[in-house]
Amino acid sequence: YQRRVHGKVLLFLALLCLPFLVPDSPGVWAVFGWLARIGSGFFLLLQIIILMHVAHEWNKQWATRSVRWHYALAALALGACTLSVALIVEMSVVFAGAKCQLQMGCITVTLLFSLIITALSFKLVLLLKKKKKKKKK
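The sections below set out a description of the structure shown in this document. Worth saying up front: this structure is predicted, and the values here are computed from it rather than measured. The residue count restarts for each chain, going from 1 along the sequence in the order it is written. The predicted origin of the model limits local features to residues at a pLDDT of at least 70 and limits the giving and counting of side-chain atom pairs to 80 or more, whereas totals for whole chains, interfaces and linings rest on all residues. The basis for the side-chain values is all heavy atoms of the structure; hydrogens and waters are excluded.

1. Some thoughts on the packing of aromatic side chains
- By convention, a stacked pair of Phe, Tyr or Trp rings (six-membered ring in the case of Trp) has centres within 6.5 Å and planes under 30 degrees apart, an edge-to-face pair has planes over 60 apart, and any other such pair is tilted. For the structure shown, the criterion picks out three aromatic pairs.
- For the ring pair Trp58 and Trp62, a centre distance of 5.1 Å and an interplane angle of 75° mean the geometry is edge-to-face. In this pair, Trp58 and Trp62 both sit in helix α2 (residues 26-63), four residues apart, roughly one turn of the helix.
- Burial classes: relative accessible area under 20% of the type maximum marks a residue as buried, over 50% as exposed, and values in between as partly exposed (1.4 Å probe, protein chains only). Under the relative-accessibility criterion, Trp58 is labelled partly exposed at 39%.
- Ring centres of Trp62 and Trp69 lie 5.1 Å apart, and the angle between their planes is 65°; on these two criteria the pair is classed as edge-to-face. Numbering of helices and strands starts at the N terminus; helices are DSSP runs of H or I of at least 4 residues and strands are runs of E of at least 2.

Encoded structure:
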């Protein structure tokens, strides 16, 4: 990471100044807008992949330790679920009043998907435990 730092800084500054040199024509900015939309989608996808990888590795490290770490992991999961419910309620109060049905619909869909994914996760855990019990017998 620390190798060629000066070159990386110069490249960063060049990329930072490059948009100011683009000519002011509608065609250029339309293409730039679509490239930015596509690039932002890939950026969000990459961030989700990194977040999921970090969460999986963190879970794997904590799950291999003593029982005390299992309680910490369960408390962390419960805290995350509580925070997500609190933020969905907050979104419902702040962003979706009686005037905006679209935002309330989006918030409701988010809540439903969260509940479905949580239920599927629990079902998967229960199925895995059931398979382990069958193998032991």
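Okay, back to it.
2. So, the layout of surface pockets
- Points on a 1 Å grid, built from protein atoms alone, make a cavity when a 1.4 Å probe fits but cannot get out and make a pocket when they are open with protein on both sides within 12 Å along at least 5 of 7 lines; residues with an atom within 4 Å of a point are the lining residues. Grid points are joined across faces, edges and corners, and a volume is the space filled by probe spheres set on the points. What the largest pocket holds in volume is close to 1,500 Å³.
- Lining the largest pocket are 30 residues, with Ala77, Ala80, Cys81, Thr118 and Ser121 sitting closest to its centre.
- Mapped by element, the contributors of at least two residues to the lining of the largest pocket are α2, α3 (67-94) and α4 (101-136).
- Here the lining of the largest pocket gets 11 residues from one element, more than from any other, and that element is α3.

3. Quick look at the pattern of salt bridges
- The salt bridge criterion pairs a side-chain nitrogen of Lys or Arg with a carboxyl oxygen of Asp or Glu, the two atoms within 4 Å. For the structure on display, the rule yields one salt bridge.
- Across the pair Glu57 and Lys60 runs a salt bridge whose closest N-O atoms are separated by 3.4 Å. On the criterion of helical spacing, the pair formed by Glu57 and Lys60 is a turn pair, its members being three residues apart in helix α2.

4. Observations regarding the packing of α2 against α3
- Between the N-to-C directions of two axes lies an angle of 0 to 180 degrees, each axis being a line fitted to C-alpha atoms and, for a helix, fitted only over the stretch in contact. Their axes nearest at 8 Å, the elements α2 and α3 cross at an angle of 145°. Residues Trp58, Asn59, Trp62 and Ala63 of α2 lie in contact with α3, whose contacting residues are Trp69, His70, Ala72, Leu73 and Leu76.
- Throughout, the ten residues Ala, Val, Leu, Ile, Met, Phe, Trp, Tyr, Cys and Pro are labelled nonpolar, Asp, Glu, Lys and Arg are labelled charged, and all others, Gly among them, are labelled polar. Looking at the contact of α2 with α3, its residues break down into seven nonpolar, two polar and no charged. Contacts between residues were defined by any pair of non-hydrogen atoms, one from each residue, lying within 4.5 Å.

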